[in-house]
Amino acid sequence: DESTTDIQPGLRATDVTLTLHVRSSRGAQHTVTLPPDAQLESLSINGATQPIRQQGSAVTVPVVPGAQTIALTWRETPGLSAIFRGPAIDLGAPSVNATTTIAVPGAEWLLLAGGPRVGPAVLFWSLLLVLFVLSLVVGTNRWTPLRWWHWLLLSIGLSQVSVEVGAVFVGWLLVLGWRARDPGRTLGRRTFNLFQAGLVAWTLVALGVLGVSLYQGLLGAPEMQVKGNGSSSDMLRWFTDRSAGVLPSPWIVAVPILAYRAAMLGWALWIALALLRWLRWGWDAFTAGGGWRKKPPRPVPLVSFAPPPVEGAPGSPQPPGP
């Protein structure tokens, strides 16, 4: 009725646990065929440990009438390699509801995964294709000194954070490029100063986003956008509704995590050098046409001085009488 294969590859060997939920109308001996180099470690039926009955690759399991749960645990070689494929297991009968999981060690960088149709997908490569097209489009914009390869390298590093967060840094560069064209000539003083203050705040947030990307790339786990059937970067899960006697064998492509760390270190050095140039350009863009507009001084009121009256002139005050 159901089978679950849990695969935990290591450096030198792979541990596998196969759990079967079976029903039988009569008692019999059933044979399960394991991979050629598998060494059975335990066998249990309904939680009760059974004596190991392994002859070569064949394991004989006593089946009683009714429903029962059979669990087999074994170790096989080799361990995890650049291209790892799950073990070929022959249940000796057709089955339904087969689930296979592979635990990806933390010291590995998952690149690709494949197997039954209902399973995980590494969406990073699709995202990379989209980023490449967007980089070509944005690279045609001459507001900024960045060309399409700059945008592509920048977006690859920012892909380690969410798309929305990465867009904050990209938008900051584009707004600075627009600011370099001195749009403030048509803005009032208060509106212009408010825009400048907002741009300063945006700069601080954008630099914070870049810092988080560097931290995530150098110290965090790779974000490969693994989705599908409840899978994640460290646990891959496949499902097959119906299968023949041999269960499907999923596969993964993984390299040591040091390769990811080296790639992100190279990106960090490049972004540090590029950011120095971008900040100088950004300051020039920020101050184009003036960085801040002061309130104009109040006009000095004009004071008129009347000439002193002349004695004897009409309208002039007369001296008092004796």
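This structure is a prediction, so every number in the text was calculated from the model and none was measured. (Residues numbered from 1 in each chain as written. Predicted model: local features only at pLDDT ≥ 70, side-chain atom pairs only at ≥ 80, totals over all residues. Heavy atoms only, no water.)

Enquirer: Describe in detail the overall build of the protein chain, supporting the description with residues and values.
Expert: A count of helical and extended segments in the protein chain gives 5 helices and 15 strands. Radius of gyration (C-alpha) of the protein chain: 37 Å, far over the 20 Å computed for a compact globule of 322 residues. With respect to the three principal axes, the spread of C-alpha positions in the protein chain is 150 × 45 × 30 Å. Looking at the protein chain as a whole, 39% of its 322 residues are labelled buried. Of the side-chain charges in the protein chain, 24 are positive and 16 negative, and the distance between the mean point of each set is 16 Å. (Helix = DSSP H or I, 4+ residues; strand = E, 2+ residues; numbered from the N terminus. Rg over C-alpha atoms; globule rule 2.2 N^0.38 Å. Buried < 20%, exposed > 50% of the residue type's maximum accessible area, 1.4 Å probe, protein only. Lys, Arg positive; Asp, Glu negative; His and termini not counted. Charge placed at Lys NZ, Arg CZ, Asp CG, Glu CD.)

Enquirer: Please set out the packing of helix α1 (residues 124-139) against helix α2 (residues 148-158) residue by residue, giving values where relevant.
Expert: One way to put it is that α1 packs onto α2 with a least axis distance of 8 Å and a crossing angle of 145 degrees. Remark: the crossing between α1 and α2 carries right-handed chirality. Of α2, the residues touching α1 (which contributes Leu128, Leu131, Phe132, Ser135, Leu136, Val138 and Gly139) are Trp148, Trp151, Leu152, Ser155 and Ile156. (Axes fitted to C-alpha atoms, helices over the stretch in contact; angles between N-to-C directions. Left-handed = near helix turned anticlockwise from the far one by under 90°. Contact = heavy atoms within 4.5 Å.)

Enquirer: Just give me the short version of the pairing of strand β2 (residues 14-24), but keep the residues and values in it.
Expert: Note that strand β1 (residues 2-9) and β2 share 8 bridges and pair antiparallel. Bridging across to β2, Ile7 finds its partner in Val16. Between β1 and the antiparallel strand that follows it, β2, lie 4 residues. Looking at chain direction, β2 and strand β8 (residues 66-76) are connected through 11 bridges and run antiparallel. Each residue of the ladder has a partner; that of Thr14, found in β8, is Glu76. (Pairing = 2+ DSSP bridges.)

Enquirer: With reference to specific residues and values, describe helix α3 (residues 163-179).
Expert: Between its first and last C-alpha atoms α3 spans 24 Å; for 17 residues at 1.5 Å apiece the expected length is 24 Å, and the two agree. Turning to α3, its buried residues are Gly166, Phe169, Gly171, Trp172, Leu173, Val175, Leu176, Gly177 and Arg179. The secondary structure elements touched by the buried residues of α3 are α2, α4 (189-219) and α5 (257-286). (Expected span 1.5 Å × (residues − 1).)

Enquirer: If you had to explain the sheet that holds strand β7 (residues 58-63) to someone new, which residues and values would you point to?
Expert: Reading across from one edge, β3-β7-β6 is the order of the 3 strands in this open sheet, with antiparallel pairing throughout. The open sheet has two edge strands with one neighbour each: β3 (28-33) and β6 (54-55). Across 6 bridges, the pairing between β3 and β7 is antiparallel. The residue bridging Val32 from the neighbouring strand is Val59, located in β7.

Enquirer: Before we move on, can you summarise the sheet that holds strand β4 (residues 39-45) with the specific residues and values?
Expert: Read from one edge to the other, the open sheet built from 7 strands follows the order β5-β4-β8-β2-β1-β10-β14, with strand pairing classed as mixed. Every interior strand has two partners, whereas the edge strands, β5 (48-49) and β14 (235-243), have only one. Pairing geometry for β4 and β5, over 2 bridges, is antiparallel. Bridge assignment links Ser44 to a residue of β5, and that residue is Thr49.

Enquirer: An account of the pattern of salt bridges is requested, with residue identities and associated values reported.
Expert: The tally for this structure, following the rule as stated, stands at 2 salt bridges. Its salt-bridge partner being Asp1, residue Arg23 comes within 2.7 Å of it at the nearest N-O pair. Pair noted here: Arg23 is in strand β2 and Asp1 is in the segment before β1, with a separation of 22 residues, a long-range link. A salt bridge links Asp15 to Arg75; the nearest nitrogen and oxygen atoms lie 2.7 Å apart. Placement of the pair is Asp15 in strand β2 and Arg75 in strand β8, with a sequence separation of 60 residues. (Salt bridge = Lys/Arg side-chain N within 4 Å of Asp/Glu carboxyl O.)

Enquirer: Provide a residue-level description of the confidence of the model for the protein chain, including the pertinent values.
Expert: Confidence in the prediction for the protein chain averages 88 pLDDT; 92% of positions are at 70 or higher. Per-element mean pLDDT across the protein chain ranges from 87 in β6 up to 95 in β1. (pLDDT = per-residue confidence, 0-100.)

Enquirer: Give me the packing of aromatic side chains: which residues, what numbers.
Expert: Here the structure, examined in full by the defined rule, presents 8 aromatic pairs. With centroids separated by 5.1 Å and ring planes inclined at 75 degrees, the aromatic side chains of Phe124 and Trp125 adopt a geometry described as edge-to-face. For Trp125, a relative accessible area of 35% corresponds to the partly exposed category. Where Phe132 meets Trp148, the ring centres are 5.9 Å apart and the plane angle is 90 degrees; that geometry is what we call edge-to-face. On the criterion of sequence distance, the pair formed by Phe132 in helix α1 and Trp148 in helix α2 is long-range, its members being 16 residues apart. We classify Phe132 as partly exposed; its relative accessible area is 32%. (Phe/Tyr/Trp six-rings, centres within 6.5 Å; stacked < 30°, edge-to-face > 60°.)

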